[in-house]
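# Close look at the chain arrangement
Read off the chains here:
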Amino acid sequence: MTSVKSKQQGSVLTQKLHSKRQLFIPIAALLVLILVNLINDPSFFAIKVGTNSTGDPVLSGNLITILDNASELAILAIGMTLVTAASGGQDISVGATIAIAGSVVLRVLCGTEARPETLQAPIIVAFLVCCVVSMLFGAFNGALVAYFKIQPMVATLILYTAGRSIAAWINNNALPIISEPSFAYYGNFIPGIAIPTPVFIAIACMIIIALVLKFTTLGLYTQSVGINPHSSRLNGINPEFIKFITYVILGLCVAVAGFIKVSRFSTINYSVVAKDIEMDAILAVALGGNALSGGKFSMAASILGAYVIQFLTTTLYTFKVDSSALPAYKAVVVIILVVLSSPVAREKMAKLWKKVAPAKTAKEAN
Amino acid sequence: MSAPNSKVKAGRLTPRTSMSDTNILLLITILVFVVMYVAAVVFLGSGFRKPQTFFNILNENAALIILSCGMSLVMITGGIDISVGTMTALVCMSCAVHLDYQGGSVASAVGLALLIGVLYGLVQGYIIAYLEIQPFIVTLAGMFFAKGMTTIVNADQFNVVHEGFQALKLTRIDVPFLGSVNKLGTYVPAYVEIGVIVALLVVILLFCLLRWTKLGRAFYAVGGNQQSANMLGINVKRTKFLAHFLCSVLAGIGGFVYFLHVGSGSPSHASGAEMNAIAASIIGGTMLTGGVGNIIGTFFGVVSLNTIKNIVSSLGLDEAWWTNITVAAMICIFLVIQSVVLMRKNKK
């Protein structure tokens, strides 16, 4: 905004910024992060080709790590955006439901054995069962929110509290390990392909949601319900059902994310898997400039937000920040980002600028 | 809070009293608590018959009561504060380091706890109220910040050995007439810790604040409808700021009370306390949408939450997951009851 000279130009510029604000914040944040890394250490962006233990070529490097690790978050951000837009609230149970989804996968594949030699069921069956279970839990949340009119955060607090316990219960608190190598493909590398599989899964999810938003009325209805449920009803939309269905979709996203999580290590620890991921997912939505009170949303901005968060995390690691102290730095960055992007702060800055600017123009005139 | 009785003599308009949402929800909470506790006394016997069991619930959850009170305050104005749990850990760790490594006194530790609360309140309150950023995001950042800061202050758990602090920690206040006779035939008086006194004071003060002061009524007004509150001449921003400020200060006090109970500093202290506080507030009849809530209800919320935990563990369901599942089921039942009651009431 340094090139602003007169009032008119200024307002035009802010208007432009306003219309593009949704994508502007995450992209700007991403650019800043890239710049910081370029100045600090250009080798941050180096991508190396190596071989893994089985002798297949794999790509490694910070960028690949970011793309790989952000996959689950990006997938969750898709569902979280819809839920936020439709119900004006957030689902805080996703981390716990991921634990349940993972537990179900393990239960189906391992049966009751701790370390089965052969899988008890085809992987696709396990995936489908996990999808169904997650969608049921999503439906539970959705029903509470849509039909019982409970605030989303409170309704999902139930599963947040119980989720990890239910996950432990499903497997009788045992932690089975899957030894079948083909199961690990989904969270690591498929032999012969050098890019981690979760990246492809995330991209597939994005393409699917893009197609759904483009060719169905889901996006439009979701926004209209989020902006005003009463007028949506008058227009023939069933607001309860739309809210309900967004939670079911989030359940599906959770299932995919949970499946990737299990596949990464061939097992999961119920109490720590995907811990605090719900907070990151909500953050991704907020960083994308979406109002957490519902209404209009930009899916692309949310997904970008997810990658920004992972980029930030990886950047902080390269600055040798201790992993347990990481949240403090993250918080500072988040607050700066959010404050800078808030309309009130912008107005105040614009006023400040106006105070400074006339002085400058006066000087120039002299 | 009863509506004026109708004095029209023509038969149709019979005198009627209606209760506010706040009172209905409070009544449900207290009723459920009493039923639960009586059932526990009747069916489970032994442990629950001793008054000390009840006082132990208070002793263990004094900090949670304070945190929940702050949470209710914020929730009544329509906001939320999820930073209180990790703030408690930060206060514990800071005070522990201050007492043991920096040679501080108990008084300065209390000061430190309050200072952390005040600073947090000022920053979070300002950003939420005056920069109009969603409280969830701001306090989420606050939560992350406190979590990281705790490990920066000190990464390991350690027990405090400071003498003055230990003396304060072990101070027990006897409750008259409610002791019990143990197996050896000696009389053991029932006791509470200092934290409980602090917590009860907080409950009483906040109850008075919400009930009888201008500021207290302004909290409800802002939570109920910001625009109409504004039109009534209430300074909405200042009210919101004060709510978040008070909540953070209470979290500072609660953090010290927690510290007084556990006597150690650890990054994992009070993890998930924010969710417990929210759950307790909800069980106590406070609604996240704002405008409805009661501090007394919150008190009963905390107590009911922990009574059910005690009941589950005394039923012999040892597996760790049962506690969480029952608590979740209880929250669920409460929410559905509340929702049904309010929906039916609004239909009338």
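Residues numbered from 1 in each chain as written. Chains lettered and ligands numbered in written order. Predicted model: local features only at pLDDT ≥ 70, side-chain atom pairs only at ≥ 80, totals over all residues. Heavy atoms only, no water.

### Re the side chain of Thr 161 of chain A
Position of Thr 161 of chain A among the secondary structure elements: in helix α7 (residues 152-170). Within the structure, Thr 161 of chain A has its side chain in polar contact with the backbone oxygen of Leu 157 of chain A (distance 2.6 Å). With sequence-adjacent residues up to four places away left out, Thr 161 of chain A is seen in contact with Asn 324, Val 327, Ala 328 and Ile 331 of chain B. (Helix = DSSP H or I, 4+ residues; strand = E, 2+ residues; numbered from the N terminus. Polar contact = N/O pair within 3.5 Å; in protein donor to acceptor, adjacent residues only side chain to side chain. Contact = heavy atoms within 4.5 Å.)

### Observations regarding the packing of aromatic side chains
Two measures describe an aromatic ring pair: the distance that separates the ring centres and the angle between the ring planes. Counted by the stated rule, this structure contains 17 aromatic pairs over all chains. The interplanar angle of 50° and the centroid separation of 5.9 Å between the aromatic rings of Tyr 147 of chain A and Phe 244 of chain A together place this pair among those described as tilted. Within this pair, whereas Tyr 147 of chain A is found in the loop between α6 (123-146) and α7, its partner Phe 244 of chain A is found in helix α11 (residues 239-265), the two being separated by 97 residues in sequence. We classify Tyr 147 of chain A as partly exposed; its relative accessible area is 39%. On the accessibility criterion, Phe 244 of chain A (19% relative accessible area) is buried. Connected via pairs of aromatic rings, a cluster forms that spans Phe 33, Tyr 37, Phe 54, Phe 55, Phe 299 and Phe 300 of chain B. Directly above the ring of Phe 144 of chain B sits Lys 330 of chain A, whose terminal nitrogen or CZ lies 5.6 Å from the centroid. Over the aromatic face of Tyr 191 of chain B sits the side chain of Arg 172 of chain B, whose NZ or CZ is 3.9 Å from the ring centroid. (Phe/Tyr/Trp six-rings, centres within 6.5 Å; stacked < 30°, edge-to-face > 60°. Buried < 20%, exposed > 50% of the residue type's maximum accessible area, 1.4 Å probe, protein only. Lys NZ or Arg CZ within 6 Å of the ring centre and 35° of its normal.)

### Focus on empty space enclosed by the protein
All names here are of chain B. Across all of its chains, the model carries three cavities of 30 Å³ or more by this definition. By volume, the largest cavity is sized at about 70 Å³. Asn 59, Ala 62, Leu 168, Lys 169, Thr 171, Glu 193, Ile 194, Gly 195, Val 257, Leu 260 and His 261 together form the lining of the largest cavity. Counting only elements with at least two residues in the lining of the largest cavity, the list comes to α3 (51-76), α7 (163-169), α8 (194-212) and α11 (236-262). Among the elements that make up the lining of the largest cavity, the one with the highest residue count is α11 (three residues). Grouping the amino acids of the lining of the largest cavity by side-chain chemistry returns five nonpolar, four polar and two charged. As a volume, the second largest cavity reaches approximately 50 Å³. (1 Å grid on protein atoms, 1.4 Å probe; cavity = no way out; pocket = protein on both sides within 12 Å on 5 of 7 lines; lining within 4 Å. Points joined across faces, edges and corners; volume = space filled by probe spheres on them. Nonpolar A, V, L, I, M, F, W, Y, C, P; charged D, E, K, R; others polar.)

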